[in-house]
Structure formats: structure tokens, C-alpha cells
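Coordinates in review
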Amino acid sequence: MTCTAAPPDLLEVTRRWSRDDWLRSADDLLAATRPYASPGQSLLRLPGPVSASGAWSDGLEGFARTFLLAAFRVRGQQGDDPAGLLERYAEGLRHGTDPRSPERWPRIGERRQAVVESASVAIGLAETRPWLWDRLDGAVQARVVDWLSEIVGTTGYRNNWIWFQNVVEAFLASVGGPWDQADLDRNDELTEALYVGDGWYSDGRGRDGRLQSYDYYTGWAWHLYPLLRARIAGRPLETRHADRLRAYLEQAQHLVGSDGAPVLQGRSVTYRFAMLAPFWAGALAGVTPLRPGQTRSLTSAVADHFARAGAVDEQGLLPTGWHGRFDRVRQLYSGGSSPYWASKGFLGLLLPPDHPVWTDPPEVPTAWTEDAVTCLPAPGWVVAATTGDGVVRVLNHGSDRLLDPAVAPRADDPFYRRVGYSNVTSPQLSGPDVAAPVDSHVALLDGSGAPSHRDGITRVHAGGHTAVSRSRVHWLDAAGGASSADAAGWSALRRGPVLTTASVVRGRFEVRLAWWEPAPGVPDGPPAGARDAEPEVLDAEAAWPADPGPWTAHVGGWALAGQDARALHVETDADWVRIVRSDGLTSLVRGLRGLERAGTTWRTGADPFGVSSVIPWARGQAALAPGDVVAALVVLCGRGSAWVRDVDAVTEVAHDVGPQGSQVRVVWRDGQVDVVAQDRAGAGA
């Protein structure tokens, strides 16, 4: 029996999306939003949650993000506008910038979110300039310039937001408005400070100063806006940005499965196929490593995936969610209009109809032609892709987005600090899952059985098909003993030891290793004389007590979701558990060393892939001593019948202790051996 079905007909999938299909999709999305516009067309409040910025700001967001889509559509057709889109948005500009209008937009000084939306307004105006801006009444032009100009001279941007200022000031300069070279110089300096290599940017620094915030913002912000700024200025993409974009695409293609499903990781995933923006940008700038037919295949497959998965609802709208509506994927800054940053996924409409992307025969991207384990050192990921089932697995040993205040109780961010992410599974997102993570997680269990949190990640090794990292773990105590995802419900934090985690990957198989060592000593209470010091200069851990132990180990596998519990079949044995979904997607965990007990945790409403979800796990029964190694086989397998011999993929995990140091040997069924070195400081490889 095999673990995968026959490979899908990839080229047949890609042929479903011609340029005309992209145009029709854009037109349909824009038409569906019309009923939600204010009478003057300036505020577009779409169904869904209200963001932290409020409904007024959300109305501006709806205008700006759909205007971006309309601009790509009209510019791509050289001004052909059969639905009268530009008149709709011209009317919105008149009312939105009129300070006397009841439909006026919030200014940047009134709502910080206006910084983000001003960039989409500026880009839309630049792309449609001959048909919209140049035909606006002079008074309206002046009001637009006045509204946009509030961004000039503003400071404090520490992540991708610098690019909103860059593109707005580029547009202002192009129409004779104000701009400030000091803003651009400062932003350029920060751009270089956040670039880490191989085309990757960290979207800001963590509280400890490390550059470990990796997600789709690298592509749909850091690589998209340099191109759009260059287009506003009428010049080619700068060489350094072109080189970085090419390098990024070399790696980013590995994050899309051969069936078009991209990995679900990081914040703002409700933007969905916006992750295609850098692929289109590479084609527009002529710097992509993909051949034209490969770009068309990848983008078409992703668009087709989301279309078939229900990303567009019955009203023709993009709801908050990943496939269908699922509000738990949102962040507080996201409202009902936020998903329309998916407009960036239509950037390819700027390629003319005779461009080779549209005219060359589709080609399968190189990343889809064979199974591969690929190390991405910049984000600290090992990516394992299997082409037959279209599954992509990301083992995370480098991205943590550690922004939480050091002196506050803090939970793992499920979008960044899980060990594993994939394109067919999601981190569990219910309150209990945030307060006490189980899925795709390695933890120490305290005396009550509560799992530890991973917190900031220290990289130890990443190369080939092995990655090692460590973290100072901690536990959260909830007021009244209840699990809660609300930080207000976490009354205390208990310090723990340093937990080292390793992933050894062979195709769909991963062996997860873990051991703990004592953390560096931290005295209880603040240092003498520090009573009046600012919190950030105190030892952040000094205020928290240490958990006394002893601790047992937990290794959680991939959570699977279905529309109801009947779609998820559980098979168990003494030391392993396997979940088989009705379509053949399979998740297996087997304890290999120090994990004698296997089980499952069920959830309802925690997963965007289905109403019911189940997490397989393996746990130890005996307390762990420092340096004791535990190991589990973790498998995520795609469509087809589960391979019953998966449980026997590893024949031995040996912990060898000698005068030259300690090491762990993983012996595979086919005779291959992987070795992970261990040291008293935490780990080595």
C-alpha cells in the first residue's frame, strides 16, 4: 500500500485559469462589494468582524483595498473599464477627502490604520493616472494630496509599514506634492537592518532584538512595494531589490504544494492568495527564476485551490478566514474589509495579454517535480515536500515573532511558535489551544499535566534535513484555573528549564527529539537597588517563580480537521496513534524513546479546515532528568491509503554518552543513520 494517490494532473489544473479568468474573477469580486458602499462610494463596510481601529477605519480599508484591485484590472486593460469602476472610485475620492462630508475618511492623525490604506490609494491612483487622476477636478486633486501628505515626516515605523510611507511619498513627488528625503533615507536604513539574506526580511525585531519574524509579509510587502514604487517613478526595479526578489522566489516556490495549496503560517493569512504577489512581481520585473509557463502554473494552481475550497462565499465576497469564513484566523487589526488585500494576488493583470506568462504553454514548477527536503537557513525552516500528495511541511526552528512584553505573562503565538506548519493543516486556534498548546508542539508537562510554552527560539543548527533549536520554556496559570486565550485571564507565569528540540526529516517522516537542561540561574525577585528602575531594564524573569518539576514529555503531531467527527478515524496501539480522514489525509505519532503513552485531544471550532479536529500525541510516563532524550516519529501523509508500515519507519533511536560528548543516532528502516550531537548547554548538531 502507498501513502499517496497518483499525482494530480497539474497542467490540467493550470489551464483552468487564463488571463480572461483572472479578469472575470476580479470583476466578480468588485461587483459583489458594490451594495456595501456608502452613498458617496467613499466608505465600503463589508460583512464580518470590526477591527480594533473601528468601523470608520474599516470603511476606508474597504475602499482602498478594492480600489487596488480595480486599478490592476483597468491598468492591465489599458484603461478599458466596461463596469465603470474608475467613476465609482473617483466619486469615493471626492467624498472621502472632503472634510465637510459625512462620508469623509479618517486622517492619519485620527486612525493609524490610514497609513496602510493610504498606500493602496496612492498605488491605485498611480496605476490609473491617465484615466482617473489626470481627469479629476483640481480641487479634488488638492484634497487628495492634502490627505496623503499627512504621512510626510511621520516616524516610528519598525516593520513593513515603512513601505507605505515610501510609496505614498513617491506618488506625491510624481504629482508635485510634498515629500521628505529624510523619510526615505531613514526607511532605507531600516530596510537594510531588517534584511537577513536569501531574499528574506524579518518583519521587525523581537523584544530581544533578534530578527526572527518570518511570514508572507516578506513577499506581499517587502518584495512587492519596491516594484510598485519603481513603477510610480517610471524606472526599473533597483538591482538590490531585484536580486533579493529572485532569491526569495527560489525558496518561496517550495512553500506551495503541487495541488496549489500554500502553507498556512504567520499572521494575516486571511489575505489568502495575496501570497502570489511576489511571483507576479518577479515576472513583471523580469527577475524571476521561474519560466513564464511555471509562473502561470503556480499562480493558477493557487487561485484554483482557493476557488474550489470556498474562499469566495455565496455573496461573492471574501470573508475572514482561510478557505471559508473562520474568524479565529484574524488578528485584532483585521476587520471585514481586510481580506481584500488579496487584491495583490491579481498583480499579474499588469502583464499584457501577449506576455509569455499568458501565451507560453503551462509548465510544472521545478519544486513540484520531485520529493525534496529543503533547508531555508534565513527563517530557520526545513521544508519537506512530497509531490504525489501535494503536502508541504515546514519544521520551524527559527521564527518566533517574539513581541510580547518581557514582564507580562505570555502564550505561544500559534502562527509562529509551533514546531510544524503545513499546507493541509492549521495550528489549533481555540482559547484552550492558545493557553495550553498541544498540536505540533514539543513541551514539558508540569505536575498538573499542563504543557509548557516555547517562547523565544534560539537557533542551534539548520542544514541538510536536520534542524535544532532551543527555548527557555514556561507555564501559564489562569485565574480560577480556567484555560483562556485572553492575556487578562493569565494571572502568573512559572519559569522552566531550557528545552532543546530537533527535527530529523526524511520525506514525509520526521523524528522529533527533545531534552532539557537547567536554565542559567536567575535570582528570585528584582536585583538590589532596582525597585524604581524601568521594567524593561530589569531581568524579565526575576519577577516570576520557577516551577519545581519534575516534568514529563509531550510531543504533539499534526492536527487533522473534518466537517464532523465521523470524517476522522482514530487508530491506536500502545505507543502510537494514527488519524485517518475520510479523504485519506493521515497524521501519525509514535513514541520511539521515553514516550510510552499515545493519545488524542479533540477540539470543536478550533480549525479553519473543519468543524471537528483531533490532535495525536505521545507522552512520557516517567519524570525526565537533565539530558534525557525523548523521541517520536511524526508523519503527515496525503491522499490515498495510509501505509501501515509507517509506524516501522525508524528501527532505533540511541542516546550515546561518551567522553567526547553525547549524541543521538536515528537509524531508519532502510539503513540510513542520522546523528544529532548534544551538549550540556542545550544542543548541538
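Structure shown above.
Because the structure is a prediction, the values reported are computed rather than measured. (Residues numbered from 1 in each chain as written. Predicted model: local features only at pLDDT ≥ 70, side-chain atom pairs only at ≥ 80, totals over all residues. Heavy atoms only, no water.)

Across all of its chains, the model carries 30 aromatic pairs by this definition. Between Tyr-157 and Trp-161, the ring centres sit 6.4 Å apart and the planes meet at 40°, which makes this aromatic pair tilted. The exposure class of Tyr-157 is buried, given its relative accessible area of 6%. Following the ring pairs from residue to residue traces out a cluster consisting of Tyr-157, Trp-161, Phe-164, Tyr-216, Tyr-217, Trp-220, Tyr-225, Tyr-271 and Trp-341. Just above the ring of Tyr-195 sits the side chain of Arg-244; from NZ or CZ to the centre is 3.9 Å. Between Lys-344 and the ring centre of Trp-341, over which it is positioned, the NZ or CZ distance is 3.1 Å. (Phe/Tyr/Trp six-rings, centres within 6.5 Å; stacked < 30°, edge-to-face > 60°. Buried < 20%, exposed > 50% of the residue type's maximum accessible area, 1.4 Å probe, protein only. Lys NZ or Arg CZ within 6 Å of the ring centre and 35° of its normal.)

Below, the discussion takes up the sheet that holds strand S6 (residues 420-422). One open sheet holds the four strands; their spatial order is S3-S4-S5-S6, and the pairing between them is antiparallel. A strand with exactly one partner marks an edge of an open sheet, and here the two such strands are strand S3 (372-376) and S6. Taking each pair of neighbouring strands and ignoring which way they run, the sheet shows an average axis angle of 20°. With three bridges joining them, strand S5 (residues 391-396) and S6 adopt antiparallel strand pairing. Within the sheet, the bridge partner assigned to Leu-395 lies in S6 and is Gly-420. (Pairing = 2+ DSSP bridges. Helix = DSSP H or I, 4+ residues; strand = E, 2+ residues; numbered from the N terminus. Axes fitted to C-alpha atoms, helices over the stretch in contact; angles between N-to-C directions.)

Spatially, S8-S9-S10-S11-S19-S16-S15-S14 is the arrangement adopted by the eight strands of the open sheet, whose pairing is antiparallel. Strands with a single pairing partner mark the edges of an open sheet, and in this sheet they are strand S8 (458-463) and strand S14 (568-572). The mean angle between the axes of side-by-side strands here comes to 25°, regardless of whether they run parallel or antiparallel. Relative to strand S11 (residues 509-517), strand S10 (residues 490-506) runs antiparallel, the two sharing nine bridges. Its bridge partner lying in S11, Val-505 is registered against Glu-510.

Here strand S7 (residues 442-445) shows two buried faces, one formed by Val-442 and Leu-444 and the other by Ala-443 and Leu-445. Relative to strand S12 (residues 552-556), S7 runs antiparallel, the two sharing four bridges. Looking at S12, one finds that Leu-444 is bridged to Ala-553.

Next up on the list: helix H11 (residues 239-252). For H11, built from 14 residues, the straight-helix expectation of 20 Å at 1.5 Å per residue is met to within 8% by its first-to-last C-alpha distance of 20 Å. When we look at burial in H11, the residues that qualify are His-241, Ala-242, Arg-244, Leu-245, Tyr-248, Leu-249, Gln-251 and Ala-252. (Expected span 1.5 Å × (residues − 1).)

Here we come to helix H7 (residues 162-174). An ideal rise of 1.5 Å per residue puts 18 Å on 13 residues; H7 measures up with 19 Å between its terminal C-alpha atoms. Among all positions in H7, only Ile-162, Trp-163, Phe-164, Gln-165, Asn-166, Val-167, Val-168, Glu-169, Ala-170, Phe-171 and Leu-172 are buried. Taken together, the buried residues of H7 touch helix H5 (114-127), helix H6 (138-149), helix H8 (181-194), helix H9 (217-222), helix H10 (224-233) and H11. Looking at the residues trailing H7, positive phi occurs at Gly-176, about 80°. (Contact = heavy atoms within 4.5 Å.)

Bringing the nonpolar core into the picture now. Counting residues in hydrophobic clusters, the biggest one holds 130 residues, and the most contacted among them are Trp-22, Leu-93, Leu-125, Trp-220, Tyr-225 and Leu-276. If you look at the next biggest cluster of nonpolar residues, it comprises 34 residues, including Leu-395, Val-473, Ala-514 and Val-555. (Core = buried A, V, L, I, M, F, W, Y, C linked by side-chain atoms within 4.5 Å.)

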